[in-house]
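Structure assessment
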Amino acid sequence: MKQTSKQSLVWDLPLRFFHGLSVLCVVTAYLSAGDSRYLHIHLSAGYVLFCLLLFRFYWGFRGSYYARFVHFPLQFRPVWAYLRTKHQPEYLGHNPLGSWAVLLLLGLLLSVSVSGLIVLAGEERWGLLHGHVSASTGELFHRLHALFFQALQWMLLLHISAVLFETYGLKKPLIPAMWHGKKPTTKTQINVAPHSTIALGLIGFSFGVAVFHYYDRPNVAALPDNALWREYCSECHLAYPPSLLPAAAWQQLMQAELHFEESLDLEPDIAAEISQFLFANAAEQQHNESAWHIQKTTLAPMPLRITQTPYWRKQHQHIDKTFWQHPQVLTPANCAACHADAEQGWFQDSAMHLPSP
C-alpha cells in the first residue's frame, strides 16, 4: 500500500526570516561596496547581518528541532551514503550536504562580518571595536575581508546551484519550502512551532539596527589643535591637518624662504610655535587611516604638496580631471568641497560626498 505524504512544517518563521534577511543584507552590502558615498548603507547591512548571525547561532542550539545543529547529519557515513546513492533517503530537515553547506556559509558570513568590524575600527576609527585595532591591523583585515567575501560568493554560487538541481532535477521542493516552511513527508512528523512572535521581534530588531546605524555618526575624538596654526594657515587656504604630511615635509615647508611662491612673513616666535605643532602631530604621530597610509607610502624625495603624495594620488585616481573645474571645487586642494570633516582633519569615507554635476 502506497504511503500518502503529508505537509509538515519544518522551517519555522524565525529561520525563514533569517534566511531572507541575510540574503537582503549580503546583496545590499555587495551593491554598496567600494563606493564611499554608500558606506553607511554598506555598514548598516553588515551590522544587521552580524546581529542576524548571533541569532542564528543561538537558534542553532535553542531553536526548533530542525534548526538545531545537533540534528544536522554531519558524520562521514551519511555524507558518503548520500553522495553514492542514486535514490537518496528522505531527510525532512537538512540533508548531509546541505548541513555542511549551512555551516560553511554561516562560518564565512561570520568571518566577513567580524573582519568588517575590525576594518571599521582600524581604518575608520569607528564601531564596536574602536580604540582596540591599529591602522595596520585594519589594512590587513581589509584584505582578509575581501578574500572572505570572494569565498562567500563561490560558496553561494554552489549553494544556489545545488538548491536549483534538487528542486528541478530531483523534484524536491526546496525553494517552495523556503517560503512556506513545509515539506511533504511520509515519515512520522515532528511538529515545529511557527514562533511567530520571535520572528516579528527579529524583523523589528533588524530594522531598528539598520535605521540606528544608518543615522548614527562616528563619535571620534578631536585631533590636536593650535590657535596660531589655524589662524595663520586659514588666511589663505584650509588649515591642513599636520597628519596629511610627514614631519620632514613640514620641516622643509617651514624653513623655505618662499611658501609656494609666497613669503610666510611670520614672526620667529609664531613660526616656531606653528612648526613645533606641525612636527609633533605629523603623519608619523597620528593613528587615523589617512595618516597611517601617508607616512607609510611617502618616501624621499619628499613632496611638499599634499596632492603630490602617493596616497592622495591613489585615492583620487578614479576622479576625472574635469571634476576639478566644478564651480564648487576649482582645485584639488579644496578638500572641504567633498570632505565634510576636512576642517576636523579626519577625512573619513563616511563623510565624503561629491558635489552634484
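What counts, and at which threshold
Residues numbered from 1 in each chain as written. Predicted model: local features only at pLDDT ≥ 70, side-chain atom pairs only at ≥ 80, totals over all residues. Heavy atoms only, no water. Helix = DSSP H or I, 4+ residues; strand = E, 2+ residues; numbered from the N terminus. Rg over C-alpha atoms; globule rule 2.2 N^0.38 Å. Buried < 20%, exposed > 50% of the residue type's maximum accessible area, 1.4 Å probe, protein only. Contact = heavy atoms within 4.5 Å. Areas by Shrake-Rupley, 256 points an atom, 1.4 Å probe, with all protein chains shown as cover. Lys, Arg positive; Asp, Glu negative; His and termini not counted. Charge placed at Lys NZ, Arg CZ, Asp CG, Glu CD. Axes fitted to C-alpha atoms, helices over the stretch in contact; angles between N-to-C directions. Parallel < 35°, antiparallel > 145°, perpendicular 65-115°, else oblique. Left-handed = near helix turned anticlockwise from the far one by under 90°. Nonpolar A, V, L, I, M, F, W, Y, C, P; charged D, E, K, R; others polar. Phe/Tyr/Trp six-rings, centres within 6.5 Å; stacked < 30°, edge-to-face > 60°. Salt bridge = Lys/Arg side-chain N within 4 Å of Asp/Glu carboxyl O. Expected span 1.5 Å × (residues − 1). pLDDT = per-residue confidence, 0-100. Disulfide = S-S within 2.5 Å.

What the chain contains, in helices and strands, is 12 helices and 2 strands. In the chain, the succession of helices and strands from N to C terminus is β-α-α-α-α-α-α-β-α-α-α-α-α-α. The C-alpha atoms of the chain give a radius of gyration of 28 Å, which is well past the 21 Å a tight globule of 357 residues would have. Taken across its 357 residues, the chain has 42% of its residues classed as buried. Look at the contacts in the chain between residues 6 or more apart in sequence, and 68% of them connect residues 24 or more apart. Here the chain has roughly 20900 Å² of accessible surface; of this, 62% comes from carbon and sulfur atoms. Computing the positive centroid from 24 side-chain charges and the negative centroid from 24, the chain places the two 34 Å apart.

At a minimum axis separation of 8 Å, helix α4 (residues 96-123) and helix α5 (residues 135-169) run at an interaxial angle of 155°. One element, α4, and the other, α5, form an angle in the roughly antiparallel class. In this structure, α4 meets α5 at a crossing whose hand is left-handed. Of the residues that constitute the contact of α4 with α5, the class distribution is 16 nonpolar, 9 polar and 2 charged.

What follows is about the packing of aromatic side chains. Inspection of every chain in the model, using the stated rule, returns 10 aromatic pairs. With 5.6 Å between their ring centres and 75° between their planes, Phe323 and Trp324 make a pair best called edge-to-face. You can call Phe323 buried: its relative accessible area is 15%. Through a chain of ring-to-ring contacts, three or more aromatic side chains come together here, namely Phe57, Phe61, Phe69 and Phe72.

Under the criterion given, the structure shown has 2 salt bridges. Among the ionic pairs, Glu139 bridges to Lys296, the shortest N-O distance being 3.1 Å. One end of the pair, Glu139, is in helix α5; the other, Lys296, is in helix α11 (residues 289-297), and 157 residues separate them in sequence. We classify Glu139 as buried; its relative accessible area is 17%.

The axes of two packed helices give the description: the angle between them and the distance between them. Orientation of helix α2 (residues 39-62) relative to α4, taken along the N-to-C sense of each, is 135°, at an axis distance of 10 Å. Here α2 is positioned oblique relative to α4, judged by the angle of their axes. The handedness of the crossing between α2 and α4 comes out as left-handed. Residue-level inspection shows Leu43, Gly46, Tyr47, Leu49, Phe50, Leu53, Arg56 and Phe57 of α2 in contact with α4, the latter providing Leu106, Leu109, Leu110, Ser113, Val114, Leu117 and Leu120.

Moving on, we come to α5. The α-helix advances 3.6 residues per turn, and as a result positions three or four apart in sequence lie on the same side. Over its 35 residues, α5 extends 50 Å from the first C-alpha to the last, a length consistent with the 51 Å expected when each residue adds 1.5 Å. Following α5 by one or two positions, Lys171 adopts a phi angle in the positive range, close to 60°.

What follows concerns unusual backbone geometry. Not every positive phi belongs to a glycine, and Leu330 is a case in point at roughly 70°. Along the chain, Leu330 turns up in the segment after α12 (310-316).

So, on to α11. Of all the residues in α11, the buried ones are Glu289, Ser290, Ala291, Trp292, His293 and Ile294. The elements touched by buried residues of α11 are α4, α5 and α12.

Residue placement: Ala337 occurs in the segment after α12. Looking at Ala337, the relative accessible area reads 19%, which means it is buried. In the structure, Ala337 is positioned 11 residues away from His326 in sequence and 9.8 Å away in space, judged by C-alpha atoms.

Glancing now at the confidence of the model for the chain. Here the chain shows a mean pLDDT of 83. Residues at 70 or above account for 91%. When mean pLDDT is compared element by element in the chain, helix α1 (residues 13-31) scores highest at 93, while helix α3 (residues 76-84) scores lowest at 71.

Moving on, we get to the state of the cysteines. All told, the structure shown has 0 disulfides when counted by the stated rule. Here Cys25 is not disulfide-linked; the sulfur of Cys51 is the nearest cysteine sulfur, at 9.4 Å. Look at Cys25 and you get buried, because its relative accessible area is 8%. We note that Cys338 lacks a disulfide partner, and the nearest cysteine sulfur, in Cys335, lies 8.8 Å from it.

So, on to the environment of Asp265. With respect to the helices, strands and loops of the structure, Asp265 is situated in the loop between α9 (247-255) and α10 (268-280). Owing to a relative accessible area of 70%, Asp265 belongs among the exposed residues under this scheme. In sequence terms Asp265 and Gln325 are 60 residues apart; their C-alpha atoms lie 31 Å from each other.

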